[in-house]
Amino acid sequence: MGDRDVARVLLSESMNTLCRFAPVVGLFLLAPLVAEFLLGNISIDALHLLPYFVTLYGGGAVLVREIARRAGRGWPTIVLLALVYALIEEGYVTQSLFAPTYFGHDLIGNAHIAPFGIGGWWTLYVLGLHTIWSICVPIAIVESFVGERARKPWLGNTGMAFTLLLFLGGAALNTYTTYQQEKFIASIGQFAGLTLAIAIVVFLAFRRWPARPRDARPAFRPWKVGISSFFLWSAFTVANWFATGWAVVATYLAIYGCIIALVIRWSGSEHWGQRHILAFAGGALITYAWQGFPHVPILGSQGDIDLIGNTVFASAAVALLVAAVWKSRRITLQ
């Protein structure tokens, strides 16, 4: 074998390795970009903080997906494990579910639930943010680019162990920095209740539910799924603009119930597939894209710089969604 042949083999192996791990890297980066920067929580001039969030958000998204796919599970398990991630981040890491003040805001006073020391509004709101946008939306978008690999694991045991270490390191770092700022630690009872809640959600995630029969009726068109998702999640994000206390809690519960009922109804068709999942995720993604503009960042600059950043991130989100739709359609037609 000549030098050119060796070079071709090495190049081919390098490209195969790159293609194999590209979805993992993409998910690592996309999760924090959606969760913090597209949302408008962090301005573009604080983009250098991205590595700080990659291990926590990216590691969490990769772990959720890999655990579910290794177990041969689908989206119900992914959504429930995403909820576990949300409980871990906001309960153990930042402890915002229990903190009397967080970044100077009273989050538990709105619809306060005294026996648990939490706020009904913030709990339903922030757990929804992480479950849907921090974890599920990035997974759905990245999986749309990989065809049949969407339902297969992307990492071996070594990769899983490395990702877990990154996630634990990111969680520890975020816990430390949050404590240095807030000087708050939840009670033993609150941690015990949180642990019990996580155990229940994990049990539900891996419980063997009876197979739900799917019928031959036509599936809801993907663009209709996307529009419905956009309006429902937009209503979720603006609910607290018009209501407070238990009124906004009731509104959130109604929106959650409506979304769950619709997804169960839509996915009952045997024609429901990856394009519909992408459409649902896309509606949520575009919701974050517009929400970033009125959102006041807690890190980075406000004003013109923040507006420029919102425009950049929103444009990138639209471009990514268009690319995902194009790729998904090509895969379907093959």
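One can find the structure itself at the top, above this paragraph.
Here goes a summary of the coordinates provided. (Residues numbered from 1 in each chain as written. Predicted model: local features only at pLDDT ≥ 70, side-chain atom pairs only at ≥ 80, totals over all residues. Heavy atoms only, no water.)

**As for the overall build of the protein**
- Of the regular secondary structure elements, the protein holds ten helices and two strands.
- In sequence order, the secondary structure elements of the protein are arranged as α-α-α-β-β-α-α-α-α-α-α-α.
- A compact globule built from 334 residues should have a C-alpha radius of gyration of about 20 Å, and the protein, at 21 Å, falls within 12% of that.
- By the burial criterion, 47% of the 334 residues in the protein qualify as buried.
- Pairs at least 24 apart in sequence give 79% of the contacts found in the protein among residues at least 6 apart.
- Taken as a whole, the protein presents about 16,700 Å² of accessible surface, with 70% of it coming from carbon and sulfur.
- Taking the average location of the 23 positive side-chain charges in the protein and that of its 16 negative ones, the two points are 14 Å from each other. (Helix = DSSP H or I, 4+ residues; strand = E, 2+ residues; numbered from the N terminus. Rg over C-alpha atoms; globule rule 2.2 N^0.38 Å. Buried < 20%, exposed > 50% of the residue type's maximum accessible area, 1.4 Å probe, protein only. Contact = heavy atoms within 4.5 Å. Areas by Shrake-Rupley, 256 points an atom, 1.4 Å probe, with all protein chains shown as cover. Lys, Arg positive; Asp, Glu negative; His and termini not counted. Charge placed at Lys NZ, Arg CZ, Asp CG, Glu CD.)

**Remarks on the pattern of salt bridges**
- For the coordinates displayed, the defined rule picks out three salt bridges.
- Between Glu-143 and Arg-65 there is a salt bridge, with the nearest N and O atoms lying 2.8 Å from each other. Of this pair, Glu-143 sits in helix H4 (residues 120-143) while Arg-65 sits in helix H2 (residues 50-70); the two residues are 78 residues apart in sequence, bridging distant segments of the chain.
- Of the residues examined, Glu-143 reaches a relative accessible area of 1% and is grouped as buried.
- Here Arg-65 falls in the buried class, since its relative accessible area comes to 0%.
- Close ionic contact of Arg-69 with Glu-143 constitutes a salt bridge, the shortest N to O distance being 2.9 Å. Of this pair, Arg-69 sits in helix H2 while Glu-143 sits in helix H4; the two residues are 74 residues apart in sequence, bridging distant segments of the chain. Residue Arg-69 shares its accessibility class with Glu-143, and that shared class is buried.
- Put simply, Arg-65, Glu-66, Arg-69 and Glu-143 are held in one network by salt bridges that share partners. (Salt bridge = Lys/Arg side-chain N within 4 Å of Asp/Glu carboxyl O.)

**What to know about the packing of aromatic side chains**
- Enumeration according to the criterion identifies 23 aromatic pairs in this entry.
- Both rings, one in Tyr-92 and one in Phe-191, keep their centres 6.0 Å apart while their planes meet at 25°; by these two values the pair is stacked. One end of the pair, Tyr-92, is in helix H3 (residues 75-93); the other, Phe-191, is in helix H6 (residues 188-206), and 99 residues separate them in sequence.
- By relative accessible area, which is 28% here, Tyr-92 ends up partly exposed. (Phe/Tyr/Trp six-rings, centres within 6.5 Å; stacked < 30°, edge-to-face > 60°.)

**Some words on the environment of Thr-287**
- With respect to the element layout, Thr-287 can be found in helix H9 (residues 274-291).
- Sequence-wise, Thr-287 and Phe-28 are 259 residues apart; in three dimensions their C-alpha atoms are separated by 21 Å.
- The contact partners of Thr-287, leaving out residues within four places of it in the chain, are Trp-133, Phe-230, Trp-233, Ser-234 and Thr-237.

Geometry only, nothing functional implied.
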